[in-house]
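Read off the chains here:
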Amino acid sequence: MEGRTLAHYRILEKIGGGGMGVVYRAHDERLERDVALKVLSPGLLSDEAARRRFRREALALSRLSHPGIATVFDFDTQEGVDFLVMEFVPGQTLAEKLAGGPLPEKEVATLGAQIASALEGAHERGVVHRDLKPGNIMVTLKGQAKVLDFGLAMLLRPAGERSQIETLSREHAAVGTLPYMAPEQLRGERMDARSDIYAAGAVLYEMATRQRPFPETSAPRLIDEILHHAPQTPRSINGRISPALDGIIVKALDKEPQRRYQSAAELQIDLERLGAPVLPRAAPRSRLRGLWWALLPASALLSLAALIVGLNLAGVRERLFGRAAPGRIESLAVLPLENLSMDPEQEYFADGMTEELIADLGKIRALRVISRTSAMRYKGTKKSLPEIARELNVDALVEGSVLRAGDRVRITTQLIQAATDRHLWSESYERDLRDVLALQSEVARSIAREIKIALTPQEQARFAEARPVDPEAQQLYLKARYYAAKDTQEGARKALEYFQQSIDKDPAYAAAYAQLTNTYVMLGYTGIDVLPSRETMPRAKAAALKALELDDTLAEAHTALGFVRWAYDWDWTAAEKDFKRAIELSPGYATAHLRYANFLCSLGRFDEAVEEDRRALEFDPLSIIINHGQAWPYHLSRRYDQAIKTYRKTLEMEPNFPRTHLRLGEVYAAKGMYREAIAEYEKFSALGGGSTMALALIGNAHAQAGERHDALRALEELTAESKRRYVPFFHIAIVHAGLGDKDQAFAWLDRAYEERSQFLVDLKFIPILDPLRSDPRFADLVRRVGLPP
């Protein structure tokens, strides 16, 4: 390019380059001045629309007028070459200047104040730099800092062959130079002036120490450091730095934007004060004035001292007695671990590791651990940690990140005391993927040790028994759990496929068998019109038994087996034994408490069921299904007003939860409020709750309301639908029950008995079958199902 002319700019020499393009010194033939001409890298502006947008925004930047900002003069295109024309600033970049070593504190303060002034000038015009770094700051021959490329990081995405340490890749939304990017910038969140202040803090750090705040050279590790770790204090690296400068830099680098300087002007003022000459000390006061406290009586002095210590003024209590020990931690929540891979496809891995850590901690009897469903509701939240802790009613929070790179996985966790928002402990763990189960157990053990929770010998043994697992099998397992957690039929089918693939890869993977059981249970949930129990429950039972053969300490497997023995085998004694064993193994497993509560309702033990539901809610307070389940004991025990109140409370949390509309409709129908019942059933159907279930309930409500024609029409539709796909026999039975056709109702109930319908477990108490209770055939059906009379 040297010697070439672009428009009226004659290129003289190359003076720099980077990912956005190459910079030349050029001569403006019209205005007879030297300029800096940046030839943009090919492909940065993909089409004419992009060029027009860039021209408009670049020229808007030209309106920035500040002595510390290099002015933008022009943007043009010639013969396929896009170029930007800027003020030529003789001197050297700050990066070049730092090659000679750290700068004296006075020069750091002076240049830093000039940089902060330039930032403030741009921020006042609504422009954020987004890519402040030593290479974008010129130091003129007179020692004046000039900030280059202002706002260009917003206009251009990085390109070329720059290393990953220098810039994030083109695929990611965030742009900038990685070592200087603020945590919120890395997370792709909204940036503002405080993001530039973080970058300025990183530049100040480098000026004072000649090293970056985080010298890590691996991009994934560097991201982890920026997001979760505090840098060494500048003063610990360069002992000549004053405490005042050290404090300024540390404040600018705070990970939380609200705790940094809130404007560049504030940063500028502190740096200018640091560089200002020290004024002479004021004349001393008289000895009498300085010893005013000596005139106070001893009792007053003691009271004053007690007040100072009690209020902890100026931190005197910590200085005298040391920092107070944190309050006892008896409950905690594990917040969703952050996916540091920057690959959305790996989100399942981070979510799965979160769930596994929660499950491991939930096995500790002395600790209340919030279940996955509630914890995952805080994924991506902007709420503060104390606010989350209050909502979950926990003493502490665990947050952190997970990074999978090849066959290695790294988990970083931090323990935060909820009341004070104080970090109590932080640690990183790295293992081969084959040892990921041992890694999870190690993290859980470390957390228990840190909060001084005593593990029983059985708990210690379970944590110590983690075996190696095939990495591919483990990834398939985590994918399956990710889909299963969606709580949809499509998700359940995908989960089934991935769990089976996981088992095929590692036939000894007990947890995969346990979760396979749960998936079959979900697919066999006849209330959602899926598969007959005879197709799913035997498979579920076989998988649960295999899981327990491999590892009889799996609470999930005992819970799933208990469900099959209750809902399909009708083996009440064995089912209760399984549920109790699951709760014994993992007291924090909310699903075990919920399913045991449902089992107790089938037997009419409603007060016990209420208590188990309460326990489930204690461990998973934000779970919709568990909040919904709180109403079931009231529903079956005919405490309808309490049931309605509880169902409505669930709908306040999630207005579109289908099953709650279904159950609320059933309660309305039991109270004779048929219009309201039908409206709820229609909402259930519209929300994807299962067309045949909705048809059956609507037909029953019309029948009980005396609207026989509408009831028969619903029955015809059900019959026609049964010729196309599976329709549970119980659904047809309840329409006949509403119509008063007992012979047909019992005929269909007998067929439901033959297919071992899950609905029959609540036979004794479900209100919709009340028209049949006086018939001797009903008592016989109860006896055959095995329910106590």
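Above: the structure in question.
We now turn to the structure provided with this report.

Rules and cut-offs
- Residues numbered from 1 in each chain as written.
- Predicted model: local features only at pLDDT ≥ 70, side-chain atom pairs only at ≥ 80, totals over all residues.
- Heavy atoms only, no water.
- Helix = DSSP H or I, 4+ residues; strand = E, 2+ residues; numbered from the N terminus.
- Buried < 20%, exposed > 50% of the residue type's maximum accessible area, 1.4 Å probe, protein only.
- Contact = heavy atoms within 4.5 Å.
- Salt bridge = Lys/Arg side-chain N within 4 Å of Asp/Glu carboxyl O.
- Pairing = 2+ DSSP bridges.
- Polar contact = N/O pair within 3.5 Å; in protein donor to acceptor, adjacent residues only side chain to side chain.
- Axes fitted to C-alpha atoms, helices over the stretch in contact; angles between N-to-C directions.
- Phe/Tyr/Trp six-rings, centres within 6.5 Å; stacked < 30°, edge-to-face > 60°.
- Parallel < 35°, antiparallel > 145°, perpendicular 65-115°, else oblique.
- Left-handed = near helix turned anticlockwise from the far one by under 90°.
- Nonpolar A, V, L, I, M, F, W, Y, C, P; charged D, E, K, R; others polar.
- Arc of directions from axis to C-beta.

**Some words on the overall build of the protein chain**
Reasoning step 1: The helix and strand tally for the protein chain stands at 36 helices and 15 strands.
Reasoning step 2: Across the 789 residues in the protein chain, those meeting the buried criterion constitute 54%.
Reasoning step 3: Across the protein chain, contacts joining residues at least 24 apart in sequence account for 61% of those joining residues at least 6 apart.

**Here's the deal with the pattern of salt bridges**
Reasoning step 1: Following the criterion strictly, the structure yields 45 salt bridges and no others.
Reasoning step 2: Taking the shortest distance from any N to any O, the salt bridge between Glu 576 and Lys 580 comes out at 3.8 Å. On the criterion of helical spacing, the pair formed by Glu 576 and Lys 580 is a turn pair, its members being 4 residues apart in helix 24 (residues 572–585).
Reasoning step 3: Residue Lys 580 is classed as partly exposed on the basis of its relative accessible area of 46%.
Reasoning step 4: Linking Arg 784 and Asp 750 is a salt bridge whose minimum nitrogen-to-oxygen distance equals 2.9 Å. With Arg 784 in helix 36 (residues 776–785) and Asp 750 in helix 35 (residues 742–754), the pair connects residues that are 34 residues apart, well separated along the chain.
Reasoning step 5: A relative accessible area of 31% places Asp 750 in the partly exposed class.
Reasoning step 6: Residues participating in the shared-partner salt-bridge network are Glu 355, Glu 356, Arg 372 and Arg 481.

**Points about the pairing of strand 5 (residues 72–78)**
Successive residues of a regular strand alternate their side chains across the two faces of the sheet.
Reasoning step 1: Direction of pairing for strand 5 relative to strand 6 (residues 81–87): antiparallel, over a ladder of 6 bridges. The residue bridging Gln 78 from the neighbouring strand is Val 81, located in strand 6.
Reasoning step 2: From the end of strand 5 to the start of strand 6, which pair antiparallel, there are 2 residues, and Glu 79 there has a positive phi angle of about 50°.

**Comments concerning the side chain of Asn 518**
Reasoning step 1: Relative to the helices and strands, Asn 518 is located in helix 21 (residues 510–523).
Reasoning step 2: The exposure class of Asn 518 is buried, given its relative accessible area of 13%.
Reasoning step 3: For Asn 518, the contacting residues outside a window of four places in its chain are Glu 556, Ala 560, Tyr 589 and Arg 595.

**Here we look at the sheet that holds strand 4 (residues 33–40)**
Reasoning step 1: Taken together, 6 strands build an open sheet; the order of strands is 1-2-3-4-6-5 and the sheet is antiparallel. The open sheet is flanked by strand 1 (5–6) and strand 5, the only strands paired with a single partner.
Reasoning step 2: Here strand 1 runs beside strand 2 (residues 9–17); their pairing, made up of 2 bridges, is antiparallel. Within strand 2, the position partnered with Thr 5 by the bridge is Arg 10.

**Re unusual backbone geometry**
Reasoning step 1: For Ala 7, which is not a glycine, the phi torsion comes out positive at approximately 55°.
Reasoning step 2: Residue placement: Ala 7 occurs in the loop between strand 1 and strand 2.
Reasoning step 3: Even without being glycine, Arg 210 reaches a positive phi, approximately 65°.
Reasoning step 4: Looking at the secondary structure, you find Arg 210 in the loop between helix 6 (193–209) and helix 7 (219–228).
Reasoning step 5: Judged by its relative accessible area of 47%, Arg 210 is partly exposed.

**A look at the side chain of His 558**
Reasoning step 1: Locating His 558 in the fold gives a position in helix 23 (residues 555–567).
Reasoning step 2: Looking at His 558, the relative accessible area reads 9%, which means it is buried.
Reasoning step 3: Of note is the side chain of His 558, whose polar atom sits 3.0 Å from the backbone oxygen of Asp 552.
Reasoning step 4: Aside from chain neighbours lying at most four places away, what touches His 558 is Leu 548, Asp 552, Asp 578, Arg 581, Ala 582 and Leu 585.

**A word on the sheet that holds strand 7 (residues 91–93)**
Reasoning step 1: Overall, antiparallel pairing links the 3 strands, which are arranged 7-8-9 in an open sheet. Edge strands, defined here as strands with exactly one partner in the open sheet, are strand 7 and strand 9 (145–147). Direction aside, the axes of adjacent strands within the sheet are offset by 30° on average.
Reasoning step 2: Relative to strand 8 (residues 137–140), strand 7 runs antiparallel, the two sharing 3 bridges. Bridged to Gln 92 within strand 8 is Val 139.
Reasoning step 3: Packed onto the sheet, helix 3 (residues 105–123) meets strand 8 and strand 9 and runs at close to 30° relative to strand 9.

**Re the pairing of strand 14 (residues 408–417)**
Reasoning step 1: Of all 10 residues in strand 14, 9 are buried, a share of seventy percent or more.
Reasoning step 2: Where strand 14 and strand 15 (residues 422–432) come together, 10 bridges link them in antiparallel fashion. When the bridges of strand 15 are listed, Ile 416 appears paired with His 423.

**Considerations on the packing of aromatic side chains**
Reasoning step 1: By the definition in use, this model includes 14 aromatic pairs.
Reasoning step 2: Residues Tyr 483 and Tyr 498 carry aromatic rings whose centres are separated by 5.8 Å and whose planes lie at 10° to one another, so their mutual orientation is stacked. Residue Tyr 483 is found in helix 19 (residues 471–484), and its partner Tyr 498 is found in helix 20 (residues 489–505); the two are separated by 15 residues along the sequence.
Reasoning step 3: Taken together through their ring pairs, the aromatic side chains of Trp 572, Phe 579, Tyr 596 and Phe 599 make up a single cluster.

**Some points on the packing of helix 3 against helix 6**
Reasoning step 1: At a minimum axis separation of 11 Å, helix 3 and helix 6 run at an interaxial angle of 165°. One finds that helix 3 runs roughly antiparallel with respect to helix 6. For the pair helix 3 and helix 6, the crossing hand works out as right-handed. For the pair helix 3 and helix 6, the contacting residues are Val 108, Leu 111, Gly 112, Ile 115, Leu 119 and His 123 in the first and Ala 193, Asp 196, Ala 200, Val 203, Leu 204, Met 207 and Ala 208 in the second.

**As for the packing of helix 19 against helix 20**
Reasoning step 1: One can describe the packing of helix 19 onto helix 20 by two numbers: an axis separation of 8 Å at closest approach and a directional angle of 165°. On the basis of their axis angle, the class for helix 19 and helix 20 is roughly antiparallel. In the crossing of helix 19 with helix 20, the sense of the turn from one axis to the other is left-handed. From helix 19, Glu 472, Ala 473, Leu 476, Tyr 477, Lys 479, Ala 480, Arg 481, Tyr 483 and Ala 484 reach across to helix 20, where they touch Gly 491, Ala 492, Lys 494, Ala 495, Tyr 498, Phe 499, Gln 501, Ser 502 and Lys 505.
Reasoning step 2: The class makeup of the residues in the contact of helix 19 with helix 20 is 10 nonpolar, 3 polar and 5 charged.

**Considering helix 36**
Reasoning step 1: Three or more residues of helix 36 are buried, namely Phe 778, Leu 781, Val 782 and Val 785. An end-on view of helix 36 places all buried positions within 100° of arc, on one side of the element. Facing away from the buried side of helix 36, by more than 90 degrees, are the exposed residues Pro 776, Ala 779 and Arg 783.
Reasoning step 2: Buried residues belonging to helix 36 abut helix 24 and helix 35.
Reasoning step 3: A distance of 2.8 Å separates the backbone nitrogen of Arg 777 from a side-chain oxygen at the start of helix 36, and that oxygen is part of Asp 775.

By themselves, these figures tell us nothing about what the structure is for.
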